[in-house]
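Spelled out from the first residue to the last, the chains are:
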Amino acid sequence: MPKAYVYTRFGGPEGEAFVDQPKPAPGPGELLVAVRAAGVNPVDWKLREGYNRPGSTPKPLPTVFGSEASGVVEQVGEGVRGFAVGDAVFGSTLTGGYAEYTLLPAAITAHKPAAVSFTDAAALPVAAATAYDGIQQLALPAGATLLITGAGGGVGVAATQIATGAGIRVIGTASAGKKDFVESLGAVHLAPGPGLQERVRAAAPEGVDAVFDLVGGADLEAVAGLVPDLTKLISAGDKPRVVSLGGAAVLRLRTAAVLEEVAALVVAGTLRPYVTRTFPLAEAAEALRVVEDGHALGKVVIEVGA
């Protein structure tokens, strides 16, 4: 029986386990995919703790971890066009990515370019697509100054690269241990925490044109007032707080077209997924702990199939 890594109850890591489960059957508009790699994201452990995405219903337990995966199409559901058995694809999962098989919705699944590895492709649907959506939403011209809070994480690394690739000056907050990495992406590094507003003013005396927040909390509150146009204040890290401050949540489009655009940026060399650690499926718990501890640099990916 194919294996999957699941949480059997809401709470901490003690509810995690490997289980044997049959291959899921694709319904209309769905693809059965033999997983080659699965991205690990903070939302994975947050869902285990009981978080529920706005507008969604909790999945029945046990629930397979993972929101993004790449792999090879093994079966095509009714009504699906543009995909065939054997196609290499990537996208957001319907039935979890930490597994040997998963279902992907065909409408928001993209073909994997040959130049992009399965490992890199698995890192794109959540973090890189969120970054792309946010940068598009801000619609900044070349030469503008963008502050990204949490520039050293998965979304921040992608957003920094996409923005600098478009000629935007980026100031990024990240821990001291990520300073060299953030600067290697072309951003000005600033430490987070108390005094952040003053540090931003010193780094950008002419002001910042936009804020892309990925951490929320006190840092978001500290920098919100630096943006003259609140339509340029967005967050993927603290949606209720950014709305209360007059800004907006990142508008996630969740389309195949966005995935195709992100993959094209990878092929062009504008965006590097920066998968810094990989784990086999048998070590899914260790992979999740790296992300849950909050110190992951770039992206963590679980490599599943051959």
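It should be noted that the structure appears before, not after, this text.
Reading the values: the criteria
- Counting of residues starts from 1 at the beginning of each chain's written sequence and follows it residue by residue.
- Under the rules for a predicted model, residues below a pLDDT of 70 receive no local features and side-chain atom pairs below 80 are neither given nor counted, while totals for whole chains, interfaces and linings still include all residues.
- Heavy atoms from the whole structure form the basis of all side-chain values; hydrogens and water molecules are not counted.
- Put simply, DSSP H or I for four residues or longer makes a helix, DSSP E for two residues or longer makes a strand, and each gets a number counted from the N terminus.
- Throughout, the radius of gyration refers to the C-alpha atoms, and the reference size of a globule is 2.2 Å times the residue count to the power 0.38.
- In this scheme, a residue with accessible area under 20% of its type's maximum is buried, one over 50% is exposed, and one in between is partly exposed, where area comes from a 1.4 Å probe on protein chains only.
- Residue contacts are defined here by distance: any two heavy atoms, one from each residue, within 4.5 Å place the two residues in contact.
- Here the open area of atoms and residues is found with the Shrake-Rupley method and a 1.4 Å probe, where only the protein chains shown may cover a residue.
- Counting rule applied: Lys, Arg positive; Asp, Glu negative; His and chain ends not counted.
- Just so you know, the charge point we use is NZ for Lys, CZ for Arg, CG for Asp and CD for Glu.
- Any two strands are treated as partners once DSSP identifies two or more bridges connecting them.
- Lines fitted to C-alpha atoms define the axes, with helix axes restricted to the stretch in contact, and inter-axis angles between N-to-C directions lie between 0 and 180 degrees.
- For classification purposes, angles smaller than 35 degrees are called roughly parallel, those larger than 145 roughly antiparallel, those between 65 and 115 roughly perpendicular, and all remaining angles oblique.
- Rotating anticlockwise by less than a right angle from the far helix to the near helix defines a left-handed crossing, while the corresponding clockwise rotation defines a right-handed one.
- Each residue is assigned to one of three groups, with Ala, Val, Leu, Ile, Met, Phe, Trp, Tyr, Cys and Pro labelled nonpolar, Asp, Glu, Lys and Arg labelled charged, and all others, Gly among them, labelled polar.
- Put simply, the grid is 1 Å and covers the protein atoms alone, a cavity is a trapped set of points that fit a 1.4 Å probe, a pocket is an open set with protein on both sides within 12 Å along at least five of seven lines, and lining residues have an atom within 4 Å of a point.
- Grid points are joined across faces, edges and corners, and a volume is the space filled by probe spheres set on the points.

Asks: Any chance you could explain the overall build of the protein here in plain terms?
Replies: Looking only at helices and strands, the protein features 10 helices and 16 strands. A compact globule built from 306 residues should have a C-alpha radius of gyration of about 19 Å, and the protein, at 19 Å, falls within 12% of that. Counting the 306 residues in the protein, one finds 52% classified as buried. Intrachain contacts of the protein at a sequence separation of at least 6 include 66% that bridge at least 24 residues. Within the structure as shown, the protein displays about 12,700 Å² of accessible surface, and the carbon and sulfur contribution to it stands at 56%. Separation between the mean location of the 24 positive side-chain charges and that of the 30 negative ones in the protein comes to 1 Å.

Asks: Hey, could you run me through the sheet that holds strand β12 (residues 210–213) in this one?
Replies: In a beta sheet, neighbouring strands are held together by backbone hydrogen bonds and run either parallel or antiparallel to one another. Within the open sheet, the six strands sit side by side as β11-β10-β9-β12-β13-β14. Their pairing is parallel. Because the sheet does not close on itself, it has two edges, and the strands there are β11 (188–190) and β14 (248–249). Here strand β9 (residues 145–149) pairs with strand β10 (residues 169–173) via five bridges, running parallel. The residue bridging Thr145 from the neighbouring strand is Arg169, located in β10. Packed on one face of the sheet, helix α3 (residues 124–138) meets β9, β12, β13 (233–235) and β14 and runs near 160° to β12.

Asks: Would you explain the packing of α3 against helix α4 (residues 154–165) in this entry?
Replies: Relative orientation and spacing of two packed helices are given, respectively, by the angle between their axes and the distance between those axes. Axis separation between α3 and α4 bottoms out at 8 Å; the angle between their running directions is 45°. Relative to α4, the element α3 lies oblique. In this structure, α3 crosses over α4, and the sense of that crossing is right-handed. Residues Ala127, Ala128, Thr130, Ala131, Tyr132 and Ile135 of α3 pack against Gly154, Val155, Ala158, Ala159, Ile162 and Ala163 of α4. Along the lines of polarity and charge, the residues of the contact of α3 with α4 split into 10 nonpolar, two polar and no charged.

Asks: Could you clarify how one ought to interpret the sheet that holds strand β4 (residues 63–64) in this entry?
Replies: Across the sheet, three strands lie side by side as β2-β1-β4; this open sheet has antiparallel pairing. Bordering the open sheet on either side are β2 (16–20) and β4, each of which pairs with just one other strand. The pairing of strand β1 (residues 3–7) with β4 spans two bridges and is antiparallel. Paired with Tyr7 across the two strands is Thr63, which belongs to β4. Helix-sheet contacts for helix α10 (residues 284–292) involve β1 and β2, and the interaxial angle to β2 is about 145°.

Asks: It is not clear to me how empty space enclosed by the protein should be interpreted in this structure. Could you clarify?
Replies: Over the atoms, a rolling probe the size of a water molecule traces out where space has been left empty. One pass over the structure, following the stated rule, counts one cavity of 30 Å³ or more. The volume enclosed by the largest cavity comes to roughly 50 Å³. Along its surface, the largest cavity is lined by Ala123, Leu124, Ala127, Ala128, Gly154, Val157, Ala158, Gln161, Leu271, Arg272, Pro273 and Lys299. Where the lining of the largest cavity is concerned, the elements lending two or more residues are α3 and α4. If one sorts the elements of the lining of the largest cavity by residue count, α4 sits on top with four residues.

Asks: It is not clear to me how the pairing of β12 should be interpreted in this structure. Could you clarify?
Replies: Within a regular strand, the side chains alternate between the two sheet faces. Both faces of β12 are covered, namely the face carrying Ala210 and Phe212 and the face carrying Val211 and Asp213. Pairing geometry for β9 and β12, over four bridges, is parallel. Among the inter-strand pairings, Thr149 is bridged to a residue of β12, identified as Asp213. In the sheet, β12 pairs with β13 via three bridges, with the strands oriented parallel. Residue pairing across strands places Val211 opposite Leu233, the latter belonging to β13.

All we've got here are geometric facts, nothing functional implied.
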